[in-house]
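# Fold and contact review
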Amino acid sequence: QVQLEESGGGLVQAGGSLRLSCVASGRPFSTYRMGWFRQAPGKEREFVASISWSAGSTYYADSVKGRFTISRDNAKNTVYLLMNRLKPEDTAVYYCAAYTGAGSYQSTSAYDYWGQGTQVTVSS
C-alpha cells in the first residue's frame, strides 16, 4: 500500500508558475513509476506527466510539453510537477499516482494508488 499526499496548488495568473509536490509513504517509493493527472470540472481525468523510478525517463501530454517538468527525489519520497507559463485551461484538480506496472503510462487504470488532489486555478 502507498499513501500519497499532494500540495502546492493555488490561484495564479496566466503566465505564472506553480510547483506541486506529492509525498509518498508506505511501500518503497523508489520502486514505483509515478504520474501526474488532472481533472477539470465536467471532464475526465487526463494524463499530464510520468516519470520512471530512476527518473531516467519522462513522458508528457502534448498540452503541457515544454511548460511542465516532472521530477522526483527518492530520498525524500517526493515527486514534483513544476508548471510554468500556466494557462487558464490548466485549471483543474491535480493528482499524483503510483503506476502498477501494467498498461499505458497515460491510462488512469494503470495506476493503483492516488492522492486526494490539489486544486490549481489559473486566472486570465
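Here we summarise the structure given alongside this text. (Residues numbered from 1 in each chain as written. Predicted model: local features only at pLDDT ≥ 70, side-chain atom pairs only at ≥ 80, totals over all residues. Heavy atoms only, no water.)

A tally of regular secondary structure across the protein chain gives 0 helices and 11 strands. Taken from the N to the C terminus, the helices and strands of the protein chain come in the order β-β-β-β-β-β-β-β-β-β-β. Relative to the 2.2 N^0.38 estimate, which gives 14 Å for 124 residues, the radius of gyration of the protein chain is 13 Å and therefore close to what a compact globule would have. Across its three principal axes, the protein chain shows a C-alpha extent of roughly 40 × 25 × 25 Å. Every one of the 124 residues in the protein chain was classed for burial, and the buried ones make up 44%. Summarising the internal contacts of the protein chain: among those between residues at least 6 apart in sequence, 56% fall at separations of at least 24. (Helix = DSSP H or I, 4+ residues; strand = E, 2+ residues; numbered from the N terminus. Rg over C-alpha atoms; globule rule 2.2 N^0.38 Å. Buried < 20%, exposed > 50% of the residue type's maximum accessible area, 1.4 Å probe, protein only. Contact = heavy atoms within 4.5 Å.)

On the basis of which strands lie adjacent, the open sheet formed by 4 strands has the order 1-3-8-7 and antiparallel pairing. The open sheet has two free edges, formed respectively by strand 1 (2–7) and strand 7 (68–73), since each of these has just one partner strand. The sheet shows a mean angle of 20° between the axes of neighbouring strands, direction not considered. Bridge count for strand 1 against strand 3 (residues 18–26) is 6 bridges, and the pairing is antiparallel. Note on strand 3: the bridge partner recorded for E6 is C22. (Pairing = 2+ DSSP bridges. Axes fitted to C-alpha atoms, helices over the stretch in contact; angles between N-to-C directions.)

Another aspect to go through is the pattern of salt bridges. Applying the stated criterion across every chain yields a total of 4 salt bridges. Measuring nitrogen to oxygen at the nearest pair gives 2.9 Å for the salt bridge that ties R38 to D90. Of this pair, R38 sits in strand 4 (residues 34–39) while D90 sits in the loop between strand 8 (78–83) and strand 9 (92–99), and the two are 52 residues apart along the sequence. On the basis of relative accessibility, which here comes to 1%, the residue D90 falls in the buried class. Note that D90 and R67 form a salt bridge whose closest N and O atoms lie 2.8 Å from each other. Remark: R67 occurs in the loop between strand 6 (58–60) and strand 7 and D90 occurs in the loop between strand 8 and strand 9; sequence separation between them is 23 residues. The pair formed by D90 and R67 is uniform in burial state, with each residue classed as buried. (Salt bridge = Lys/Arg side-chain N within 4 Å of Asp/Glu carboxyl O.)

This part takes up the side chain of R72. Summarising the element assignment, R72 is placed in strand 7. Buried and unpaired, R72 has no salt bridge, with D73 as the nearest side chain of opposite charge at 8.3 Å. In this structure the side chain of R72 is engaged in a polar contact, spanning 2.7 Å, whose partner is the backbone oxygen of Y32. Once residues lying within four places of it in the same chain are set aside, the contact partners of R72 are F29, S30, Y32, R33, M34, I51, S52, W53, A55, T78, V79 and Y80. (Lys, Arg positive; Asp, Glu negative; His and termini not counted. Polar contact = N/O pair within 3.5 Å; in protein donor to acceptor, adjacent residues only side chain to side chain.)

Looking now at the packing of aromatic side chains. Throughout the structure, instances matching the rule amount to 9 aromatic pairs. For the ring pair Y99 and Y105, a centre distance of 5.2 Å and an interplane angle of 80° mean the geometry is edge-to-face. You can call Y105 partly exposed: its relative accessible area is 27%. Ring centres of Y111 and W114 lie 6.1 Å apart, and the angle between their planes is 55°; on these two criteria the pair is classed as tilted. Its relative accessible area of 24% is what places W114 among the partly exposed residues. (Phe/Tyr/Trp six-rings, centres within 6.5 Å; stacked < 30°, edge-to-face > 60°.)

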